[in-house]
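A closer look at the structure
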Amino acid sequence: MQALVSFGASGPSTPSRRPARSARLILPVLLTSSGLAEGWAPSRPSLSSASSRSPSCVLASSSKRSLNEVREQSFERSWVHESWSRVQAALASCVILGTVAMGLPAGAEDELAAMANGEFKPDLVSSECFATSCKTVTKACVDNADCKKGLLCTARCLGDSGCITGCFARFGNEVLNDLLQCSIEDYKCINIAIIPPGAQPPDEVPSAPKELASTFDPKAMDGEWYKVLGWNRQYDCFDCQKNTFQTAASGETATMDVDFAMAAKRSGREETSNQQRMREEIVFDKESFVSASGETKKSKRTAHTEGRMFGLTFWENWYVLGENKPTEPPFKLVYYTGKTLQNTYSGAFVYSRSPELPAEAMPSVYKLAREAGMDPTKFCRIRNACFLESPRDADASDAVEAMALSVASSGGGRGSLANEDARRFTTSIDAPLQLKAKALWYDVLDYIEDPHDAAKWMFNQQVKMEWPSDVLRQTADEKGSLASAGMQAGMTLSGR
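Being a predicted model, the structure only gives us computed values, none of them experimental.

As for the pairing of strand β3 (residues 223-230)
In terms of burial, β3 is a largely internal element, 6 of the 8 residues being buried. Summarising the sheet, β3 and strand β4 (residues 239-247) pair through 4 bridges and their orientation is antiparallel. Bridging across to β4, W225 finds its partner in N243. Relative to strand β12 (residues 344-352), β3 is paired through 4 bridges, and the arrangement is antiparallel. Residue pairing in the sheet places K227 in a bridge with Y351 of β12. Judged from the 2 bridges that link them, β3 and strand β13 (residues 380-381) form a sheet pairing that is antiparallel. Residue pairing across strands places L229 opposite R381, the latter belonging to β13.

Structural data, given as structure tokens:
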């Protein structure tokens, strides 16, 4: 994670280099097993080049088949179609290479490296699978500008998880998600899953950092909750986070619609927001369970969930560590551990019924976080200003947007061209020449921009939680009182 302002518990202060080893290991495997070794090769970064950390997939000059040879030999269209399918598969391999390395812990990377044993392993990738089972989604990605940009962007990240998150913020869409889901999970075109799928059995769940909230009622989760504070910079600190629960009448399960936004800024353009929506299915655990050995045990978690993000399935254990007192505004402090087929992770967040954490709840939240072993000053304050916009402001914004699009579609004038984002305009022959040129220039910028720098910008938009002085002072007073009490107890014991 790019932590120029380092305050995340799980976010390293410099980009992780360990996953890069897996990336360099797997890329030749993917290309070789896809039948592309003779026509495609990973470019070797120059140690003296400033861009040495950003290799891409390039057409190798030593290819055994040149375009002239193909023309001279007059191969049938079927060969050309097969070759293009292989090119598409290579592009798909680039993004999947980067994505599966996202957030790999040390143990996971070692297992992934062990699978390849330091050698090319063509059996990890099925070129036939890309050409058949995932043919449609691969072609759709190649035909989609942002999906192609996302592919190359993630490949240049060399496994840096923060950099990859930045690529999804700028270029992520459903086309890219479909490719990942098809090739990794649905058909295992790239079979590098190192963690078994499914929720963890209750007796294998990690322990909570503190005692679970005894007063928690699953039915109280029904309706809208806002995430207002986050702990893990990579997962918890996105903008405009709202979770809408639909709890079953039994209180045993719930469906949760998840809304969030990822700040994005493409080179040469203004900041934008990539809106995301997904759905999670939640099962609330009972207070106790019967283990495989027949022993009745107390549940370690509050609930477990399943969802899909960026095309990949995740499973999480939720622990409600605390909630509001009857006299306080509603809030929940939730800690979680999770996994995908490729990695494990953890984090924490605070729910509130309002887009911002009420001041009346801050002392309790601060105290609960400390009791859980988390430094409250390391939390981010989630930017939920989007929910505070008045309906009138929103209508005005929509009207301006519609007017701008109308002007653009009619060709516009010189004045409108300077303020419009050329990504909205087509490069077809019907578009004004100036707009086509600007759109082409923006495409060039998207391809050459250093994804690490773009990711740094995104994470720098996160806001550190600033606790009021009275909350900090109250905590300091409580610590002083506890220390004094402990000292007094020690003197009493020594006197005896």
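With respect to the nonpolar core
Among the nonpolar cores identified, the biggest contains 54 residues, and F245, I282, W318 and Y351 are the most heavily contacted of them. Setting aside residues up to four positions removed in sequence, Y351 forms contacts with M221, W225, Y226, K227, N243, F245, M256, W318, P330, F331, K332 and V334. Of all hydrophobic cores here, the second largest spans 25 residues; its members include V205, W231, L357 and W467.

A word on a nonpolar patch on the surface
There is a patch of nonpolar side chains on the surface, built from L440, W441, V444, Y447 and I448 and spanning about 500 Å² of accessible area. Position of L440 relative to the elements: it lies in helix α13 (residues 433-448). Judged by its relative accessible area of 54%, L440 falls in the exposed class.

Focus on unusual backbone geometry
Backbone geometry places C240, a non-glycine residue, at a positive phi of 50°. Inspection of the secondary structure assignment puts C240 in strand β4. The phi dihedral of F310 is positive, around 55°, even though this residue is not glycine. The residue F310 is located in the loop between β9 (303-309) and β10 (312-323) in this model.

Quick notes on the side chain of E328
Checked against the element boundaries, E328 lands in the loop between β10 and β11 (331-339). One polar contact links the side chain of E328 to the main-chain amide nitrogen of K325, over a distance of 2.9 Å. With residues near it in sequence (within four places) discarded, E328 still touches E360 and S364.

Remarks on the packing of aromatic side chains
What the rule picks out here adds up to 15 aromatic pairs. Considering the side-chain rings of W318 and Y351, the 6.4 Å spacing of their centres and the 50° angle between planes classify their relative orientation as tilted. Residue W318 is found in strand β10, and its partner Y351 is found in strand β12; the two are separated by 33 residues along the sequence. In this structure W318 comes out as buried when scored by relative accessible area, which is 6%.

Notes on the state of the cysteines
Counted under the stated rule, the structure contains 7 disulfides. C240 shares a disulfide with C386; S-S distance 2.0 Å. Taken together, the positions of C240 in strand β4 and C386 in the loop between β13 and α11 (391-409) put the pair 146 residues apart, joining distant regions of the chain. C386 sits in the partly exposed class, given a relative accessible area of 35%.

Overview of the pattern of salt bridges
If you walk through the whole model with that rule in mind, you get 18 salt bridges. For the salt bridge of E224 with K242, the shortest nitrogen-to-oxygen distance reads 3.6 Å. Taken as a pair, E224 in strand β3 and K242 in strand β4 lie far apart in primary sequence, 18 residues in all. Classification of E224 as partly exposed rests on a relative accessible area of 37%. Taking the shortest distance from any N to any O, the salt bridge between E271 and R383 comes out at 3.6 Å. Within this pair, whereas E271 is found in strand β6 (residues 271-284), its partner R383 is found in the loop between β13 and α11, the two being separated by 112 residues in sequence. Under the relative-accessibility criterion, R383 is labelled partly exposed at 25%. A cluster of three or more residues bridged by salt bridges with shared partners is formed by D146, K149, R266, R269, D443 and D446.

Some points on empty space enclosed by the protein
Tallied over the full model, the rule gives 4 cavities of 30 Å³ or more. Forming the boundary of the largest cavity are 28 residues, of which Y235, M309, F314, E316 and Y345 lie nearest the centre. Counting only elements with at least two residues in the lining of the largest cavity, the list comes to β4, β5 (253-265), β6, β10 and β12.

A word on the confidence of the model for the chain
Confidence in the prediction for the chain averages 75 pLDDT; 63% of positions are at 70 or higher. The low-confidence segment residues 1-84, where pLDDT is below 50, has 140 contacts with residues more than four positions distant or belonging to other chains. In this model, residues 399-426 is a region of pLDDT below 50 whose contacts with residues beyond four sequence positions or in other chains number 29 contacts.

Topic: the pairing of β6
Bridge count between β5 and β6: 13 bridges; the pairing is antiparallel. Paired with M256 across the two strands is E280, which belongs to β6. Remark: 5 residues form the turn of the hairpin made by β5 and β6, two consecutive strands paired antiparallel; G268 in that turn has positive phi of roughly 85°.

A closer look at the environment of F260
The topology assignment puts F260 in strand β5. The class of F260 is buried, set by a relative accessible area of 5%. Leaving out residues up to four positions away in the same chain, F260 has contacts with F238, D239, C240, Q241, N274, Q275, Q276, M278 and M309.

Cut-off values and rules
Residue positions within a chain follow its written sequence, with the count starting from 1. Selection of residues for local features in this predicted model requires a pLDDT of at least 70, selection of side-chain atom pairs for listing and counting requires 80 or more, and totals for whole chains, interfaces and linings are taken over all residues. Working from all heavy atoms in the structure, the side-chain values ignore hydrogens and water. For the exposure calls, accessible area comes from a 1.4 Å probe over protein chains only, and a residue counts as buried if that area is under 20% of its type's maximum, exposed if over 50%, partly exposed in between. Comment: elements are numbered from the N terminus, with helices defined as DSSP H or I runs of at least four residues and strands as E runs of at least two. Pairing between strands is defined by DSSP: at least two bridges between them are needed. Put simply, a nonpolar core is a bunch of buried Ala, Val, Leu, Ile, Met, Phe, Trp, Tyr and Cys residues held in one set by side-chain atoms that sit within 4.5 Å of each other. Contacts are residue-level and defined by heavy atoms, with any inter-residue pair within 4.5 Å sufficient. Each patch is built from residues that are more than 30% exposed by relative accessible area and take part in no salt bridge. Like charges join if they lie within 9 Å; nonpolar side chains (Val, Leu, Ile, Met, Phe, Trp, Tyr) join within 5 Å. Each accessible area value is a Shrake-Rupley result obtained with a 1.4 Å probe; residue values ignore everything except the protein chains displayed when judging cover. Salt bridges are defined as contacts in which a side-chain nitrogen from Lys or Arg sits within 4 Å of a carboxyl oxygen from Asp or Glu. Pairs of N or O atoms are called polar contacts if they sit within 3.5 Å, as long as, within protein, a hydrogen donor faces a hydrogen acceptor (for residues adjacent in sequence, only side-chain-to-side-chain pairs). Note on aromatic contacts: the rings of Phe and Tyr and the six-membered ring of Trp form a pair at centre separations within 6.5 Å, being stacked when their planes are under 30 degrees apart, edge-to-face when over 60 apart, and tilted otherwise. Note on terminology: pairs of cysteine sulfur atoms within 2.5 Å are recorded as disulfides. The rule is simple: put a 1 Å grid over the protein atoms alone, call a set of points where a 1.4 Å probe fits but cannot get out a cavity, call an open set with protein on both sides within 12 Å along at least five of seven lines a pocket, and count a residue as lining if it has an atom within 4 Å of a point. Grid points are joined across faces, edges and corners, and a volume is the space filled by probe spheres set on the points. Values of pLDDT, the confidence the predictor places in each residue, fall between 0 and 100.

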